[in-house]
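Read off the chains here:
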Amino acid sequence: MTSTISRLSALLHSGIISSVELTRLYIAEIEKQNGTLNAYVHKTYDEAIANARAADKLLKEGCTSPLCGIPMTLKDNIATDGMETTCCSKILRGYRPIYDATVWTKLKAHGAVLLGKTNMDEFAMGSTSETSVYGRPKNPRDLTKVTGGSSGGGAAAVCAHIAGYAIGSDTGGSIRQPSSFCGVVGFKPTYGAVSRYGLIAYGSSLDQIGPLTTSVSDAALVYDAIKGIDPMDMTSTDVSMEPTSLESGAKGLRIGIAKEFFEGLSPEMTAVIYGAARKYQEAGAEIIELSVPSLKAALPVYYIIACAEASSNLGRYDGIRYGFRAANYSSVDDMVIKTRTEGFGREVQKRIMLGTYVLSSGYMDAYYKKACLLRERIQAEMNGVFEKCDVLFAPTVPVTAFQEGYSGGNAIETYLSDVCTVPVNIAGLPGISIPAGKINGMPAGLQIIGNRFCDAKVLQTAYIAERDAFFDVEDVEGGVRL
Ligand code: GLN
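For clarity, every value in this text was computed on a predicted model and none was experimentally measured.

Trainee: Give me the lowdown on the overall build of the chain, citing residues and values where you can.
Mentor: If you tally the helices and strands in the chain, you get 16 helices and eleven strands. For the chain, whose C-alpha radius of gyration is 21 Å, the value lies close to the compact-globule estimate of 23 Å for 482 residues. Considered along the principal axes of its C-alpha atoms, the chain spans approximately 70 × 55 × 45 Å. The contacts in the chain between residues at least 6 apart in sequence include a share of 76% that link residues at least 24 apart.

Rendered as structure tokens:
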């Protein structure tokens, strides 16, 4: 795990390269690689050059932000004023928001340079990015494999070094899972630590924005720039605005291992995660084996709540207010029906129907309300866990990257593979995925989970592995390397 941001930032701040020059290098690399990788779905080169000019001016004026002048990407579900934002869905084709998401406003103030919007599963629903209307992005480590999802384009761009870092969103694993599949770092902060204003909603009580980077120290730098309470997002929370201090030791660190994360796990993945825990133990950490029985309910709870919220959130796409409208219709009702039938892909339609079903009278008590009660149970048990340990170690995903097309015939297995990431969203916790090894040549992520608002603890714990080089997952060749 080598830092991209710190390295580039040193070059920019010392004047060895200008942001405009660096941005041109990235643009040239995107032009070279994106035809194959399909990581970017909208390129914003004019914006990038304008941002880079502004960054060069800021640098001259003595701007100290490590992000100043660094080219990066936003997932295609993050609103950018005047620039196409489509959630990789036909129904939002041509939609240009008239405002910026708070994360982009904040990053712009730091001198960030937007290269483009990255590929994703339609409306962030999926684990492969294959439901994108623009076709799937490819995993730079093996082009026949998926990137994971839903922030798959961002993970591919960071992995291939055609973006300095990426901003993604995570409702049930969408930052951490593609990071594990592509061998990069993905951090989902505590729910509420980063404003969701301008993030096109999927499951509002679960959604969270966070960074995908080549290193833990980069993730902390981006997190520090985007965190904080926002009057535009009522669910955002006051968090410490101090820069995250990464230095800490493994000595005395209490690492919890919950047996439920390992039931039915392959011997290879078990070896990667236990091997990682052993490294920390050798450095002085304590391993605490424990049990969180309600984790068994996490997957159904997640899919009921996420679909219920999605069915409500996606009600606004009616052919009147946004993007696409069906060409032929006989009445307003007919127009709405045809627009939604033609505009949404099959996976999105499936989830809207499921969500509507679990909220319908007669079934609400049996499904939605029960899921909410179980969610409280999971939250309570997780609170108990963090009285016994500082962080939990788990696999990010039970498997490595799927073969392309796998989810087409194995939808259930694909949903099941979210089992280790969704509990973190259900309980609103911070979680990070870092590359901790390889299985059959493909990267496998270690997930480190912390208590609510203990984002610094999660980053510090992950940083120990980076600083002391616990794991050796090499970078892919190519891309912008300075
Ligand atoms: N794979 C999960 C889903 O399909 C998570 C997606 C996400 O985090 N946006 O819902």
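Trainee: Pulling in residues and values, what's your account of the packing of helix H9 (residues 298–313) against helix H12 (residues 365–388)?
Mentor: For the pair H9 and H12, interaxial distance at closest approach is 9 Å and the crossing angle is 125 degrees. Between H9 and H12, the crossing angle belongs to the class labelled oblique. The two elements H9 and H12 meet at a crossing, and its hand is left-handed. From H9, Ala-298, Val-301, Ile-304, Ile-305, Ala-308 and Glu-309 reach across to H12, where they touch Tyr-367, Tyr-368, Ala-371, Cys-372, Leu-374, Arg-375 and Ile-378.

Trainee: Residues and numbers for unusual backbone geometry, please.
Mentor: Here the residue pair Gly-149 and Ser-150 is connected by a cis peptide bond, since its omega of 10 degrees sits within 30 degrees of zero. Note that Ser-150 resides in the loop between strand E3 (113–118) and helix H5 (152–159). A positive phi angle is found at Ser-129, which is not glycine, with a value near 65 degrees. Within the secondary structure, Ser-129 is located in the loop between E3 and H5. Phi angles above zero are rare outside glycine, and Ala-469 is one such case at about 45 degrees. Relative to the elements of secondary structure, Ala-469 occurs in the segment after helix H16 (455–467).

Trainee: Pulling in residues and values, what's your account of the site of the ligand?
Mentor: Around the ligand sit 15 residues, and of these Thr-171, Gly-172, Ser-174, Tyr-202 and Tyr-302 come closest. Ala-124 is positioned with one of its backbone polar atoms (N or O) 2.8 Å from a nitrogen atom of the ligand. Tyr-303 is positioned such that a nitrogen or oxygen atom in its side chain is 3.5 Å from an oxygen atom of the ligand. Starting from 290 Å² of accessible surface for the ligand in isolation, the protein chains cover 100%.

Trainee: Residues and numbers for H12, please.
Mentor: Over its 24 residues, H12 extends 34 Å from the first C-alpha to the last, a length consistent with the 34 Å expected when each residue adds 1.5 Å. Residues of H12 that are buried: Ala-371, Arg-375, Ile-378, Met-382, Val-385 and Phe-386. Next to the buried residues of H12 lie strand E8 (286–290), H9, strand E9 (391–395), helix H15 (422–426) and strand E11 (442–450).

Trainee: Give a detailed account of the nonpolar core, specifying residues and quantitative values.
Mentor: Within the largest apolar cluster, 140 residues are counted, with the highest numbers of intra-cluster contacts made by Phe-123 and Tyr-280. Among residues more than four places away in sequence, those in contact with Phe-123 are Cys-87, Ser-89, Ile-91, Leu-92, Ile-200, Tyr-202, Leu-314, Tyr-317, Phe-344 and Val-348. Formed by nine residues, the second largest nonpolar core is a distinct cluster that contains Ile-175, Val-184, Leu-212 and Val-476.

Trainee: How would you explain the sheet that holds strand E6 (residues 208–213) if you had to name every residue and give the values?
Mentor: Sheet architecture is open: eleven strands sit in the order E1-E3-E2-E4-E6-E5-E10-E11-E9-E7-E8, paired in mixed fashion. Only two strands of the sheet have a single partner each, and these edge strands are strand E1 (40–43) and E8. Strand-to-strand, the axes of this sheet are offset by a mean angle of 30 degrees, without reference to chain direction. Alignment of E9 against E11, held across five bridges, turns out to be antiparallel. Looking at the pairing, Phe-393 lines up with Ile-448 of E11. Relative to E9, H12 is tilted by about 115 degrees, and along the sheet it contacts strand E7 (254–258), E8, E9 and E11. Each of strand E5 (185–188), E9, strand E10 (431–439) and E11 is contacted by H16, which is oriented at about 25 degrees to E10, the strand it contacts most.

Trainee: Would you mind going over the side chain of Thr-128 in detail, with residue names and values included?
Mentor: Checked against the element boundaries, Thr-128 lands in the loop between E3 and H5. One polar contact links the side chain of Thr-128 to the main-chain amide nitrogen of Glu-130, over a distance of 3.1 Å.

Trainee: Summarise the packing of aromatic side chains; cite the residues concerned and give the values.
Mentor: Going through the model one piece at a time under the given rule, you end up with 18 aromatic pairs. Seen from their ring centres, Phe-181 and Phe-402 are 5.4 Å apart, and the 90 degrees between their planes marks the pair as edge-to-face. On the criterion of sequence distance, the pair formed by Phe-181 in helix H6 (residues 176–182) and Phe-402 in the loop between E9 and helix H13 (406–409) is long-range, its members being 221 residues apart. A relative accessible area of 0% means that Phe-181 is categorised as buried. The class for Phe-402 is buried, based on a relative accessible area of 8%. Through a chain of ring-to-ring contacts, the aromatic side chains of Tyr-95, Phe-123, Tyr-317, Tyr-322 and Phe-344 assemble into a single cluster.

Trainee: Can you explain the pairing of E10? Please cite residues and give values.
Mentor: Burial analysis of E10 places eight of its nine residues in the buried class, the great majority of the element. Inspection of the sheet shows E5 paired to E10 by three bridges, in the antiparallel sense. Its bridge partner lying in E10, Gly-186 is registered against Ser-433. When E10 meets E11, the two strands line up antiparallel, connected through eight bridges.

Trainee: Now, about helix H7 (residues 216–226): what can you tell me, with residues and values included?
Mentor: With respect to burial, H7 is a largely interior element, ten of its eleven residues being buried. Of the positions making up H7, those classed as buried are Val-216, Ser-217, Asp-218, Ala-219, Ala-220, Val-222, Tyr-223, Asp-224, Ala-225 and Ile-226. Phi turns positive, to about 120 degrees, at Gly-228, one or two residues after H7.

Trainee: How would you explain the pattern of salt bridges if you had to name every residue and give the values?
Mentor: Enumeration over the complete set of coordinates arrives at 20 salt bridges. Here Lys-57 and Glu-61 are joined by a salt bridge, their closest N and O atoms 3.3 Å apart. Each of the two residues, Lys-57 as well as Glu-61, counts as exposed. The closest approach of N and O atoms between Asp-142 and Lys-145, which form a salt bridge, is 3.4 Å. When its relative accessible area of 24% is taken as the criterion, Asp-142 is described as partly exposed. When its relative accessible area of 15% is taken as the criterion, Lys-145 is described as buried.

Definitions and cut-offs
- Residues numbered from 1 in each chain as written.
- Predicted model: local features only at pLDDT ≥ 70, side-chain atom pairs only at ≥ 80, totals over all residues.
- Heavy atoms only, no water.
- Helix = DSSP H or I, 4+ residues; strand = E, 2+ residues; numbered from the N terminus.
- Rg over C-alpha atoms; globule rule 2.2 N^0.38 Å.
- Contact = heavy atoms within 4.5 Å.
- Axes fitted to C-alpha atoms, helices over the stretch in contact; angles between N-to-C directions.
- Parallel < 35°, antiparallel > 145°, perpendicular 65-115°, else oblique.
- Left-handed = near helix turned anticlockwise from the far one by under 90°.
- Near = heavy atom within 4 Å.
- Polar contact = N/O pair within 3.5 Å; in protein donor to acceptor, adjacent residues only side chain to side chain.
- Areas by Shrake-Rupley, 256 points an atom, 1.4 Å probe, with all protein chains shown as cover.
- Expected span 1.5 Å × (residues − 1).
- Buried < 20%, exposed > 50% of the residue type's maximum accessible area, 1.4 Å probe, protein only.
- Core = buried A, V, L, I, M, F, W, Y, C linked by side-chain atoms within 4.5 Å.
- Pairing = 2+ DSSP bridges.
- Phe/Tyr/Trp six-rings, centres within 6.5 Å; stacked < 30°, edge-to-face > 60°.
- Salt bridge = Lys/Arg side-chain N within 4 Å of Asp/Glu carboxyl O.

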